[in-house]
Amino acid sequence: MPTIHLHQTTTATPEQFLAGLTDFGPGRSKLFGNSADGYLKVHDQGPDHADVTEGSAGVWERLHYDWSDPSRVVLTTTDSNVWGGASGHTYTFTRLSNGATDVDVVVVREGKNLKGRLLGLAAGIMGKRVLAKGLKNTAKAIEARNYEAGPAHGAA
């Protein structure tokens with residue numbers, strides 16, 4: 001089961017990154033390349049949580065988002081066509097003295113079928129490079145949107 005650790009420093013504040021991460025509205029794919037708008041469905045959303053299906057390229061997962069601690073967002077996979085077990089993502093935000101934010105991400109991928117195990121194997125081999133590039137692109141997109149701190153965005 002691949003566990004991938006990622007790190008990115010961004011000029012966005014933790015609140016802005018959280019706002020981008022929890023923006024489930026149209027155009028999410030511009031922030032997260034693996035979240036195509038056609039797969040996106042918000043099943044439930046509250047002030048500090050959401051139940052969302054997202055994916056792309058034939059791979060989807062239903063995720064429970066928990067941001068009750070605004071410095072740590074936990075995405076737990078609750079259903080997927082390929083991922084199971086302990087799969088999910090954890091984002092941790094650390095505000096730096098210069099105004100920037102360190103974003104640490106842990107991605108766990110546990111394949112629940114042959115396709116998932118093959119994708120998990122690929123993630124273990126080249127996933128860090130691919131996911132690190134995606135995180136860098138996400139940080140740049142969130143910086144460009146310049147979210148204001150406040151409640152989560154998106155459809156309920």
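Rules behind the numbers
- Residues numbered from 1 in each chain as written.
- Predicted model: local features only at pLDDT ≥ 70, side-chain atom pairs only at ≥ 80, totals over all residues.
- Heavy atoms only, no water.
- Pairing = 2+ DSSP bridges.
- Helix = DSSP H or I, 4+ residues; strand = E, 2+ residues; numbered from the N terminus.
- Axes fitted to C-alpha atoms, helices over the stretch in contact; angles between N-to-C directions.
- Contact = heavy atoms within 4.5 Å.
- Buried < 20%, exposed > 50% of the residue type's maximum accessible area, 1.4 Å probe, protein only.

### Concerning the sheet that holds strand 4 (residues 59-69)
1) Next: If you walk across this open sheet you meet the seven strands as 1-7-6-5-4-3-2, and the pairing is antiparallel. Of all strands in the sheet, those bounded by a partner on one side alone are strand 1 (3-10) and strand 2 (41-45). Looking at each pair of strands side by side, their axes are set apart by 20° on average, direction ignored.
2) Next: Judged from the eight bridges that link them, strand 6 (residues 88-95) and strand 7 (residues 101-108) form a sheet pairing that is antiparallel. Within the sheet, the bridge partner assigned to Thr 92 lies in strand 7 and is Asp 104.
3) Next: Relative to strand 6, helix 1 (residues 14-21) is tilted by about 155°, and along the sheet it contacts strand 1, strand 4, strand 5 (72-80), strand 6 and strand 7.
4) Next: Running at roughly 10° to strand 1, helix 3 (residues 114-145) makes contact with strand 1, strand 4, strand 6 and strand 7 of the sheet.

### Concerning helix 1
1) Next: Burial analysis of helix 1 places seven of its eight residues in the buried class, the great majority of the element.
2) Next: Burial in helix 1 covers these residues: Pro 14, Gln 16, Phe 17, Leu 18, Ala 19, Gly 20 and Leu 21.

That's the geometry; what it means functionally is another story.
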